[in-house]
Structures are given as C-alpha cells and as structure tokens.
Amino acid sequence: MKTENRSVSIFNIAVIVASLGYFVDIYDLLLFTIVRVPSLKSLGLSQEDIDSGAGLLLINVQMVGLLIGGIVWGIIGDKKGRLSVLFGSILIYSVANIANGFVHGINGYLLWRFIAGFGLAGELGAGITLVSEILPKEKRGYGTMIVATVGVSGAVAANMIAKLVGDWRICYFIGGGLGLCLLILRVSVMESHLFNEVKASATTKGSFIALFTNKDRFLRYLKCMLLGTPTWFVVGILVAFSNKFASQMQIQGAINPGDAIAFCYAGLVLGDFSSGLISQLWRSRRKVMLLFLAFTAIMVGIYLNLHGAAVWVFYAVCFVLGFSVGFWAIFVTIAAESFGTNLRATVATTVPNFARGMLPLISILFVQVQKSFTYLQSGAIVAAVCIGIAFIAAWNIEETFGKDLNYVEEL
C-alpha cells in the first residue's frame with residue numbers, strides 16, 4: 001500500500017470540485033423548496049393540489065429519487081470509482097435542472113424531479129470520500145470542512161437568485177448551467193489511490209447488503225445515520241414551518257418561511273466551518289458532535305420559548321439554530337472514516353440521503369404527537385427524540401480523527 005502524501009494541499013482540485021459540486025447540489029435542493037409553489041401555480045395547479053395533491057407527490061418523488069440514488073451511487077462509487085459518481089451525479093442533476101426549466105405539465109415535473117433527486121444523491125458522499133482519501137489524515141478535516149462550508153452556502157445563493165431573478169425557470173437554468181461548467185474541471189481531478197489499490201484486488205466491493213449482515217457493521221452504520229437526524233428536524237420542521245411556530249408564540253409580525261430557511265442556512269455555513277475547524281484543533285470528531293448536539297438542544301429550547309418576540313429576534317434565533325446544526329461536514333466525514341475502502345463510498349453516500357429520508361418519519365411523528373399535545377409541546381417532544389438518539393449515537397461512536405483509512409472491510 002502507498003503512503004500518504006503529506007504535501008497535498010487542502011485547496012487541491014478535488015476539494016474545489018467537490019465543494020462546488022455540493023454548492024450546486026444544495027442550490028438545487030433549496031431552490032426546489034423556494035419555487036415549488038410558484039412553479040406549480042404557473043402550471044395551473046390549484047392551492048389544494050399544491051398542498052396535498054400533486055405538490056406533495058412532487059416532494060415524495062424527489063425523496064424516492066434521493067433514497068434510490070443514494071444506494072446506486074454508493075455501490076458504483078465502491079465498484080467503479082469515486083470520480084465516476086462525482087461527475088456522473090453532477091451531470092445528471094445538471095441536465096435535470098435544465099429540463100425542470102422547460103416543463104409545462106405536472107407529469108414532466110414529476111419525472112425530472114425524480115431524476116434530479118437521483119442525481120443529487122451521489123455528489124456529497126463521493127466528494128467527501130474522495131477528499132478523505134486524497135488528503136493526509138492531518139488535513140482531512142480541513143478538506144471536508146471546505147466542502148461542506150462552500151456547499152451549504154449554495155442555499156444562500158439560491159434564495160438570493162430566486163429573489164433577484166424572479167422567474168423560476170431561469171433559476172433552474174442557472175443551476176443546471178453551473179453544474180455543467182463544473183464538468184470542464186474533470187480532466188484535472190485524480191482518482192483516489194486507495195480506491196485504485198482496492199480496485200486491482202479481489203476484495204468484494206460496494207456490497208450494500210453487507211452493511212446489514214454483520215452486527216458490528218450494522219451498528220456502526222446505524223450510529224452514523226442517526227447523527228444527522230437533528231439537522232433535518234431543525235430544517236424540515238422548526239424552520240420549514242416557522243410561520244406556524246411564530247403564530248403559536250405570537251411573534252410581533254409576519255414570518256416568511258423562505259427567509260427563515262435562508263437565515264438558518266446562513267448559520268449552517270458558519271456552523272460547518274466552525275465545527276470542522278474545532279474538530280481539527282481538538283483533534284476529535286466525537287467531542288465536536290457532542291458539543292454541537294448540546295448546543296442544538298439549548299437553541300431548540302430558546303426557539304420554542306420566543307413568546308411575543310420581535311421578528312428580527314426570531315430570525316436571529318433561526319440563524320443561531322442553523323449554526324447549532326452545522327455539523328454536516330463532521331457527520332459525513334465520520335461516516336466515511338468509519339468504514340474500509342471497499343464500503344466507504346457506499347456508506348458515505350447512503351448515510352446523508354437516509355438521514356434526509358428520515359424527515360417524512362419525523363413529520364409523521366410530529367403530526368401524531370399533536371393529537372395529545374399542543375403544537376409547541378409536540379415540537380419539544382420530537383426535538384427531544386431526535387437530539388436524544390443522535391446524542392446516544394455520538395456518545396457511543398468510535399473516534400475517527402486521524403484514523404488510517406488504508407484498510408478494507410472483511411466481507
């Protein structure tokens with residue numbers, strides 16, 4: 001096996017491409033959230049269809065694409081290479097973005113959102129895996145920190161562009177064009193030497209089923225997945241329905257969920273940068289996860305007790321709340337570092353998408369709890385569940401900082 005090249009810069013081309021790819025990934029995900037309602041209205045759907053009919057189906061179809069894509073791209077990443085996934089996923093979601101701008105009916109929209117979800121599922125996991133394997137272990141955290149920080153800022157860009165441009169079709173064209181421009185950089189990116197060494201061996205690679213056939217592997221996989229639960233609870237429940245929470249707390253003014261999401265993601269950008277930096281300074285992933293989860297619990301408590309607060313205070317809390325769940329880089333890096341080279345891409349790609357896929361389950365729990373408790377109490381109960389299971393997972397997970405990734409899983 002080759003030794004690490006300690007002279008590799010954290011600003012090498014692989015880090016840049018992975019960062020920009022994730023930027024466009026997040027841009028598309030948030031843009032869809034922003035333009036879903038106006039785009040469906042322009043296609044002639046009624047408000048009822050948007051809320052509970054085709055509009056809801058559109059969200060579910062994209063989620064199915066993300067879940068299926070997570071598995072498929074993960075397996076391809078371990079069998080064919082990290083670059084195959086990185087650029088294949090960017091190509092597919094870029095084309096789907098452009099096609100979204102041309103749709104004139106709900107069926108076409110459904111088709112292209114499924115394809116977009118499928119494409120979006122692969123970029124982050126492949127990018128984090130590639131960066132983790134290319135950089136020396138002392139610099140690995142800085143590289144994944146850059147990927148996450150640049151990537152999450154795509155949400156801020158999506159909100160700004162949607163407001164400046166106005167036309168939802170042009171917004172989709174911009175996202176697709178940005179992705180296609182990234183493919184030009186492909187010629188300069190090298191494949192992971194760790195993957196190349198495993199590829200040449202007879203080792204079994206990319207077996208998704210193998211994650212469930214061994215107790216130790218399954219528990220490692222489950223703990224990695226559960227770490228991401230609080231992020232999607234905060235973004236998908238507390239912030240996405242911020243207008244309803246604000247109404248319940250009698251906030252002194254109207255709250256726009258789109259603006260609340262923008263403030264939350266702005267906080268996420270700073271949070272991802274900070275968690276990655278602290279992880280390097282403390283030389284620990286696990287301690288940083290525990291720190292940020294504790295901070296998340298505190299911020300959720302503050303958020304749910306903003307009774308009668310001014311609008312600017314509410315948005316400020318959304319920003320800090322976003323900061324508190326800004327551990328996406330650490331979360332996915334832990335997943336990549338917890339498994340051998342022959343399963344690393346499969347894990348790093350499926351874990352974030354399965355974490356995203358927990359949002360419908362969290363939403364169902366939130367609705368069910370409301371049958372016995374108030375809206376705010378239900379938010380607190382579901383928060384306790386999501387943060388609690390993530391905290392237990394982080395407490396029991398292996399410390400992966402500085403771990404040598406030059407090994408394979410015995411399948």
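Calculation notes
Residues numbered from 1 in each chain as written. Predicted model: local features only at pLDDT ≥ 70, side-chain atom pairs only at ≥ 80, totals over all residues. Heavy atoms only, no water. Helix = DSSP H or I, 4+ residues; strand = E, 2+ residues; numbered from the N terminus. Rg over C-alpha atoms; globule rule 2.2 N^0.38 Å. Buried < 20%, exposed > 50% of the residue type's maximum accessible area, 1.4 Å probe, protein only. Contact = heavy atoms within 4.5 Å. Patch = residues over 30% accessible without salt bridge, like charges linked within 9 Å, V, L, I, M, F, W, Y side chains within 5 Å. Areas by Shrake-Rupley, 256 points an atom, 1.4 Å probe, with all protein chains shown as cover. Salt bridge = Lys/Arg side-chain N within 4 Å of Asp/Glu carboxyl O. Axes fitted to C-alpha atoms, helices over the stretch in contact; angles between N-to-C directions. Parallel < 35°, antiparallel > 145°, perpendicular 65-115°, else oblique. Left-handed = near helix turned anticlockwise from the far one by under 90°. pLDDT = per-residue confidence, 0-100. Domains from an automatic or database assignment. Buried area = accessible area lost by both parts, 1.4 Å probe. Polar contact = N/O pair within 3.5 Å; in protein donor to acceptor, adjacent residues only side chain to side chain. Nonpolar A, V, L, I, M, F, W, Y, C, P; charged D, E, K, R; others polar. Phe/Tyr/Trp six-rings, centres within 6.5 Å; stacked < 30°, edge-to-face > 60°. Lys NZ or Arg CZ within 6 Å of the ring centre and 35° of its normal.

It is worth spelling out the overall build of the protein at this point. Secondary structure assignment for the protein yields 17 helices and zero strands. In terms of overall dimensions, the protein is globule-like: its C-alpha atoms have a radius of gyration of 20 Å, near the 22 Å expected for 411 residues. Over its C-alpha atoms, taken along the principal directions, the protein stretches across nearly 60 × 45 × 40 Å. Counting every position in the protein, which comprises 411 residues, the buried fraction comes to 58%. Taking as baseline every contact in the protein between residues at least 6 positions apart, the subset at least 24 positions apart corresponds to 84%.

So, on to a nonpolar patch on the surface. Judged by side-chain polarity, Leu365, Phe373, Ile381, Val385 and Ile389 come together as a nonpolar surface patch covering roughly 360 Å² of accessible area. For the nonpolar patch, the element with the most residues is helix H17 (residues 375–396), which contributes three residues. With respect to the helices and strands, phenylalanine 373 occurs in the loop between helix H16 (344–369) and H17. A relative accessible area of 42% means that phenylalanine 373 is categorised as partly exposed.

To continue, consider the packing of helix H10 (residues 229–239) against H16. It is the contact of H10 with H16, at a shortest axis distance of 9 Å, that shows an interaxial angle of 60 degrees. The orientation of H10 relative to H16 falls into the category oblique. Crossing geometry of H10 relative to H16 is assigned as right-handed. Contacts from Thr229, Trp232, Phe233, Gly236 and Ile237 of H10 reach H16 at Ala355, Arg356, Met358, Leu359, Ile362, Ser363 and Phe366.

A few words now on the confidence of the model for the protein. Chain-level pLDDT for the protein is 89 on average; 97% of the residues reach the 70-or-more range. Averaged pLDDT values for the elements of the protein fall to 70 in helix H2 (residues 47–52) and rise to 97 in helix H13 (residues 286–303).

Bringing the pattern of salt bridges into the picture now. Under the counting rule described, the total for this entry stands at eleven salt bridges. Where glutamate 133 meets arginine 344, a salt bridge forms, and the shortest distance between an N and an O atom there is 2.6 Å. Linking glutamate 133 in helix H5 (residues 106–134) with arginine 344 in helix H16, this pair joins segments that are 211 residues apart in sequence. Given the relative accessible area of 2%, glutamate 133 is considered buried. Where aspartate 259 meets lysine 163, a salt bridge forms, and the shortest distance between an N and an O atom there is 2.6 Å. Here the residue aspartate 259 occupies a position in helix H12 (residues 257–282), and lysine 163 occupies one in helix H6 (residues 140–165), the gap between them amounting to 96 residues. Among the ionic contacts, a cluster of salt bridges with common partners joins Asp78, Arg82, Glu133 and Arg344.

What follows concerns the domain arrangement of the protein. Assigned domains of the protein: these are domain 1 (10–191) and domain 2 (207–401). When each unit is reduced to the centre of its C-alpha atoms, the spacing between domain 1 and domain 2 is 20 Å. Taking both sides of the interface into account, the surface hidden between domain 1 and domain 2 amounts to around 3100 Å²; carbon and sulfur atoms contribute 68%. The largest per-residue losses of area from domain 1 upon contact with domain 2 belong to Asp78, Met145 and Val152, which jointly make up 16% of the total buried on that side. Counting the contacts that link domain 1 with domain 2 gives four salt bridges. In this assembly, domain 1 and domain 2 are joined by 13 residue pairs in polar contact (both at pLDDT 80 or more). Here the side of domain 1 that touches domain 2 takes 13 residues from H6, the largest share from any one element. A class-by-class count of the residues in the side of domain 1 that touches domain 2 yields 21 nonpolar, 13 polar and eight charged.

Tallied over the entire structure, the rule returns 21 aromatic pairs. With centroids separated by 6.0 Å and ring planes inclined at 75 degrees, the aromatic side chains of tryptophan 232 and tryptophan 328 adopt a geometry described as edge-to-face. Separated by 96 residues along the polypeptide, tryptophan 232 in helix H10 and tryptophan 328 in helix H15 (residues 328–337) bring together distant segments of the chain. Accessibility expressed as a relative area gives 15% for tryptophan 232, which makes it buried. In this structure, lysine 244 packs its charged tip against the face of tyrosine 375, placed 4.2 Å from the ring centre. The ring of tyrosine 407 is capped by arginine 344, whose NZ or CZ atom sits 5.8 Å from the centre of that ring.

Further remarks concern unusual backbone geometry. The residue glutamine 250 is not glycine, and still its phi comes out positive at about 55 degrees. Checked against the element boundaries, glutamine 250 lands in the loop between helix H11 (242–248) and H12. In this structure glutamine 250 comes out as exposed when scored by relative accessible area, which is 64%. Look at arginine 283: it is not a glycine, yet its phi comes out positive at around 55 degrees. Following the sequence through the fold, arginine 283 ends up in the loop between H12 and H13. With relative accessibility at 55%, the residue arginine 283 sits in the exposed group.

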